[in-house]
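What follows is the residue order along each chain.
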Amino acid sequence: MKASNTYKNYIGGQWVESKSGATTENRNPANTDEVVGVFQKSTAEDVQAAIDAAAEAYKKWRLVPAPKRGEILYNVAARLVAEKERCAREMTREMGKIIDETRGDVQEAIDMTFYMAGEGRRLFGVTTPSELANKFNMTVRQPLGVCSFITPWNFPMAIPAWKIMPALVCGNTVVIKPATDTPLSVANLMKVMEEEGVPPGVVNMVTGSGGALGDSLIGDDRVRVVSFTGSTEVGRKVSMACAPKFKHSCLEMGGKNVQIVMDDADLGLAVEGALWGAFGTTGQRCTATSRIVCHHDVVDKFISMLAKRAESLNVGNGLEESVQMGPCINQGQLDTVLNYIEIGKKESARLVTGGEKLTGGAYDKGFFVKPTIFAEVTRDMRIWKEEIFGPVLSVTTCSNLDEAIELANDTIYGLSASIYTRDVNKAYTAMRDVYTGIFYVNAPTIGAETHLPFGGVKETGNGHREAATAALDVFSEWKSVYVDFSGALQRAQIDTE
Ligand code: NAD
């Protein structure tokens, strides 16, 4: 896979250099002196080779019995269990998330792989009566072919696994382009899959920039499914590139997730939820809490409790077990966060805590920013409306549940929301009326489990869901099968007697 710390593309079961001969260096965002790895700067030609390999492998893989495909995935999952700590440590060095969370990321990949291994013995269709005599009706799932995956850096192994495992169990083959900042975690996943018996060409990895490789990953006629997770801006381009040939596109995009805190809430619990939701993964989760709608009777107390907890967070290198929040992923993301902080100040939101880069000592070698809370945020402000993707929380107030729900829905996105209340009527009303793909009661906006559908509404998604059996609908198509054993021509809807 590597000479020293140089990693190659994985194509057709071989680790190969890019035809470009060019590489890029990836550095640890908590310590930019540390080179994590050197990766291939691939070209359209490399993508072409990967699609060739996937198309060739598809001919055989689609015919491998699904339970057998599931058994291979089972071995992959078991191996990931054995490799969990190493993969987690490398992921923290690669993208900065604290070690507890990168263990969670690998665990999510393990959970998804075991789950989809089990689907190898299900992949249920239905049988149903025919309206005609001596005729048998059923549905079966059929794979589509080559799938192209474009993934983000915030869940470097979990998100690739969410896509790869259901695709493979359904009988498809895969080309994946990991985020430029996090190819190492996908290389680790490829290595495990290679060693645990996934046949050559069934999964392929090409590293490089999305801008350079996107067209070839999507445009090739043999690619039938494009699954993308990332920003709404890029997702829109992917969707438009898929449209002319009616390629299936599964898009998981941005969020502006909200936590509602009612006046009857357990405030201590709501504070812990907000802290974890807003500052876990340095606020760089698609489900991160970026807005709080708090009842005005409790808002002062809530903000002072939350600010105290945010100020006590230990920010630093995520490999140290005592650290609670790591750096931003890169200089660009840090600049975006600092820019939004300036925007918030100019918009006259009240800066409660944070609001600046962390400097001095080890902080100067990484992209660290203080956990930041703005209060008195209004719905016309950009920090209320736009995804920041960093540890910046905007708090506004409401006077009742109707207003809270209206504010919660005041966004172009619709991924995750939560409510803290002790009133079951309020909890169920909010569950029904807040328009998102994921909803929590008395829990933060983050914390999805792999056996429930995952995805968002409005400009967060395009109607598909990842995870659970919902993922199978992305990677298979229904074939309705009619078997007439009457020995005579029977005409549906016409021979009604
Ligand atoms: P991004 O859109 O910048 O990049 C995502 C991927 O797209 C990367 O692999 C990138 O190289 C590639 N890409 C970039 N330009 C491209 C182009 N023109 N054509 C094809 N591919 C291209 O997003 P990011 O910064 O990596 O991730 C952060 C974003 O992802 C946030 O908006 C976040 O909300 C979203 N996200 C959503 C979910 C979800 O499930 N809804 C999960 C995680 C992250």
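Residues numbered from 1 in each chain as written. Predicted model: local features only at pLDDT ≥ 70, side-chain atom pairs only at ≥ 80, totals over all residues. Heavy atoms only, no water.

1. Description of the confidence of the model for the chain
In the predicted model, the chain carries a mean pLDDT of 97, and the fraction of residues at 70 or more is 99%. For the chain, the element scoring lowest by mean pLDDT is strand 1 (residues 2–3), at 46; strand 11 (residues 203–205) scores highest, at 99. (pLDDT = per-residue confidence, 0-100. Helix = DSSP H or I, 4+ residues; strand = E, 2+ residues; numbered from the N terminus.)

2. Here we look at the side chain of Gln 333
Mapped onto the elements, Gln 333 comes out in helix 10 (residues 331–346). With residues up to four places along the chain from it excluded, the contact list for Gln 333 reads Trp 153, Gln 284, Cys 328, Ile 388 and Phe 389. (Contact = heavy atoms within 4.5 Å.)

3. Digging into the state of the cysteines
With the rule as written, the count across this model stands at 0 disulfides. Its sulfur unpaired, Cys 242 is 11 Å from the next cysteine sulfur, which belongs to Cys 250. When its relative accessible area of 0% is taken as the criterion, Cys 242 is described as buried. Cysteine Cys 250 shares no disulfide, and the gap to the nearest cysteine sulfur, in Cys 147, comes to 10 Å. Of the residues examined, Cys 250 reaches a relative accessible area of 2% and is grouped as buried. (Disulfide = S-S within 2.5 Å. Buried < 20%, exposed > 50% of the residue type's maximum accessible area, 1.4 Å probe, protein only.)

4. Examining the domain arrangement of the chain
Each assigned domain of the chain is listed with its residue range as follows: domain 1 (2–253 + 461–480) and domain 2 (257–441). Taking only C-alpha atoms, the centre of domain 1 and the centre of domain 2 are 31 Å apart. When the two sides are added together, the surface that domain 1 and domain 2 hide from each other amounts to roughly 2,100 Å², 59% of it contributed by carbon and sulfur. Asp 33 serves as the salt-bridge partner of Lys 365, at 2.6 Å between the closest nitrogen and oxygen. Summed over the shared surface of domain 1 and domain 2, the number is 8 residue pairs in polar contact (both at pLDDT 80 or more). Listing elements by their share of the side of domain 1 that touches domain 2, those giving two or more residues are strand 6 (31–40), helix 2 (66–95) and helix 3 (99–119). In terms of residues, the side of domain 1 that touches domain 2 owes the most to one element, helix 2, which gives 5 residues. Broken down by class, the residue content of the side of domain 1 that touches domain 2 amounts to 8 nonpolar, 6 polar and 9 charged. (Domains from an automatic or database assignment. Buried area = accessible area lost by both parts, 1.4 Å probe. Salt bridge = Lys/Arg side-chain N within 4 Å of Asp/Glu carboxyl O. Polar contact = N/O pair within 3.5 Å; in protein donor to acceptor, adjacent residues only side chain to side chain. Nonpolar A, V, L, I, M, F, W, Y, C, P; charged D, E, K, R; others polar.)

5. Section: the sheet that holds strand 18 (residues 392–398)
Taken in spatial order, the 7 strands line up as 16-17-18-15-14-19-20 in an open sheet, and their pairing is mixed. Across the chains shown, the open sheet's two edge strands, defined by having one partner strand only, are strand 16 (350–353) and strand 20 (438–441). Geometrically, the sheet is characterised by an average inter-axis angle of 20 degrees between neighbouring strands, direction not taken into account. Two strands pair when backbone bridges link them, and strand 15 (residues 289–295) and strand 18 are joined in this way by 5 bridges, in the parallel orientation. (Pairing = 2+ DSSP bridges. Axes fitted to C-alpha atoms, helices over the stretch in contact; angles between N-to-C directions.)

6. Some words on helix 4 (residues 158–169)
With 12 residues, helix 4 extends 17 Å from end C-alpha to end C-alpha; this agrees with the ideal 16 Å at 1.5 Å per step. Most of helix 4 is tucked away: 12 of the 12 residues are buried. Among all positions in helix 4, only Ala 158, Ile 159, Pro 160, Ala 161, Trp 162, Lys 163, Ile 164, Met 165, Pro 166, Ala 167, Leu 168 and Val 169 are buried. Gly 171 occupies a position one or two residues after helix 4 and carries a positive phi of about 105 degrees. (Expected span 1.5 Å × (residues − 1).)

7. As for the pairing of strand 6
For strand 5 (residues 23–28) and strand 6, the ladder comprises 6 bridges, and the chain directions are antiparallel. Counterpart to Asn 26 in the pairing with strand 6 is Gly 37. Taking the residues that link successive antiparallel strands as the turn, the strand 5-strand 6 hairpin has 2 residues.

8. Topic: the site of the ligand
By nearness alone, 27 residues border the ligand, and Thr 151, Ser 231, Met 253, Cys 286 and Glu 387 come closest of all. Contact between the ligand and Gly 210: an oxygen atom at 3.2 Å from a main-chain N or O atom of the residue. Measuring from an oxygen atom of the ligand, one finds a side-chain N or O atom of Glu 387 at 2.6 Å. The protein chains hide 86% of the 840 Å² of surface that the ligand would expose on its own. Broken down by secondary-structure element, the contributors of at least two residues to the shell around the ligand are helix 6 (210–219) and strand 12 (223–229). The biggest single contributor to the shell around the ligand is helix 6, with 3 residues. Per-class residue counts for the shell around the ligand are 13 nonpolar, 11 polar and 3 charged. Formed jointly, the shell around the ligand draws a minimum of three residues from each of two domains, domain 1 (2–253 + 461–480) and domain 2 (257–441). (Near = heavy atom within 4 Å. Areas by Shrake-Rupley, 256 points an atom, 1.4 Å probe, with all protein chains shown as cover.)

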